[in-house]
Every structure is written in structure tokens, then in C-alpha cells.
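Residue-level structural notes
Below are the chains, spelled out letter by letter.
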Amino acid sequence: DLSGWQDMEVKKDSQYLVMPITADTHFEVTVTDSFGCWNKAGKDVKMKEYPQLKFPSPNPNYVCFGNTTTIAVEGANSYLWEDGTTQRSFITSPSKDSTYVVAGTTNGCTTIDSVTIYVKPLPVITIEGDGKGENRDSICYSDEINLTASGAGEKGMYTWNTGIINDVLTVSPL
């Protein structure tokens, strides 16, 4: 289908025409030399799609400071990360927000994309006791003390080493 020839454009500073195509197209050329001899040749031009890269992990795209996360990409046959590695996925432990750039190639077509991993700070934890006297985290044998943890934020969770899930742990001697 050569209906696109009416949309042809002349490239500036060149001696050729650009023919936009949207599907596999067959082109033919007839060449006539100075003696009037001519011949025809044809060439099929195949349309290839650029790979559509996707990052299935990390999900979500953040990591807590000091932890590791796996970055994975899909959508191409081969990959080249900016650091030269070629795996589809790898484990990283960034110390600050970091952007990872990858080139994905399929059938000679390459797409470049990136994913940013945001590093979240660890919560600053405070534990306060409501015991008596100068040292508020001490108790006498017949008393009890409430230890109150803070620092998890509004939607945070507190899990004590006793298995209790609450911001307050009540402690009393046996």
C-alpha cells in the first residue's frame, strides 16, 4: 500500500524522501542506465514494535533505609542497565532516592526507561514508662507499669517482643 506517498516529506539537507509507513510494506525501484537499459528490484520493509518496558517490582517503589529491594523489568528480550549489568532483575540497597535506567531490546528495537526507588527513613522510636519515682521505667513487686511506644506515625503499628500488638504494654511482676 503506497497511499502514504502523498504524506511524503523531504528531509532538509538531504537528497532523499521519507516515506512514512504504518505496516509491513513492499517497495520496488526501477533503474534505467544511460544506455536505456533498465531493471527492477524490490524490498520488503517489516515494521517492528518498540518493546514496552514494565517494572513489576519493586512494588511499591520505596524501600526502608538499610533494607534491600528487588528491581525487575519485563517487556523485552534483552536488557542493559546503566551500570552495565544485563540481568532482568537485581537486588539493591540504596542509601538515598535513586533512579535506575535500563535499555530493553527486542528484534533490534530499543526502548529506554527508568524506575525511581525512594528511600524512607526508619522511624525514630521513643518508649516512655509511667512508673513511680525518678526512674519511670522501674516498678516494685506489687506495682505495674505501662510502657508507651511512639514514632510509628498515624497508620503505624507497634509489635512488642511479647507478641502484644499495641502502642502500650502493661508490665507487672509475677
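Residues numbered from 1 in each chain as written. Predicted model: local features only at pLDDT ≥ 70, side-chain atom pairs only at ≥ 80, totals over all residues. Heavy atoms only, no water.

**A closer look at the environment of V171**
- One can find V171 in strand β14 (residues 168-171).
- Considered as a pair, V171 and V119 are 52 residues apart in the sequence and their alpha carbons are 35 Å apart.
- V171 has contacts with I139, E144, I145 and L147, leaving out every residue within four places of it along the chain. (Helix = DSSP H or I, 4+ residues; strand = E, 2+ residues; numbered from the N terminus. Contact = heavy atoms within 4.5 Å.)

**Re the side chain of T25**
- Within the element layout of this structure, T25 appears in strand β3 (residues 25-32).
- When its relative accessible area of 7% is taken as the criterion, T25 is described as buried.
- There is a polar contact of 2.8 Å between the side chain of T25 and the backbone oxygen of A23. (Buried < 20%, exposed > 50% of the residue type's maximum accessible area, 1.4 Å probe, protein only. Polar contact = N/O pair within 3.5 Å; in protein donor to acceptor, adjacent residues only side chain to side chain.)

**Regarding the pairing of β3**
- Judged from the eight bridges that link them, β3 and strand β4 (residues 38-45) form a sheet pairing that is antiparallel. Residue pairing for β4: H26 is matched across the bridge by D44.
- Counted along the chain from β3 to the antiparallel partner β4, the turn is five residues long, and its residue G36 has a positive phi close to 90°. (Pairing = 2+ DSSP bridges.)

**With respect to the nonpolar core**
- Counting 13 residues, the largest nonpolar core has I71, W81 and Y100 as the members making the most contacts within it.
- Secondary structure elements with two or more residues in this core: β7 (69-74), β8 (78-81), β10 (98-106) and β11 (109-120).
- The greatest single-element share of this core, amounting to three residues, is contributed by β11.
- Formed by six residues, the second largest nonpolar core is a distinct cluster that contains I145, L147, Y158 and W160. (Core = buried A, V, L, I, M, F, W, Y, C linked by side-chain atoms within 4.5 Å.)

**So, the sheet that holds strand β6 (residues 62-64)**
- One open sheet accounts for four strands, arranged β6-β11-β10-β8; its pairing is mixed. Each having just a single partner strand, β6 and β8 make up the two edges of the open sheet. Adjacent strand axes in the sheet meet at a mean angle of 30°, parallel and antiparallel pairs treated alike.
- Strand direction decides the pairing type here: β6 and β11, joined by three bridges, are parallel. Across the sheet, residue V63 finds its bridge partner in β11, namely V119. (Axes fitted to C-alpha atoms, helices over the stretch in contact; angles between N-to-C directions.)

**Some details on the side chain of T92**
- For T92, the location among the structural elements is in strand β9 (residues 89-92).
- Within polar-contact distance, the side chain of T92 engages the side chain of Y100 at 3.1 Å.
- The residues touching T92, leaving out its near neighbours within four places in the chain, are N67, T68, T69, I71 and Y100.

**Side note on the environment of P51**
- Assignment of secondary structure puts P51 in the loop between β4 and β5 (54-57).
- Each C-alpha atom of the pair P51 and W160 lies 48 Å from the other, and the pair is 109 residues apart in sequence.
- The contact partners of P51, leaving out residues within four places of it in the chain, are G75, A76, G104, T105, T106, C109, T110 and T111.

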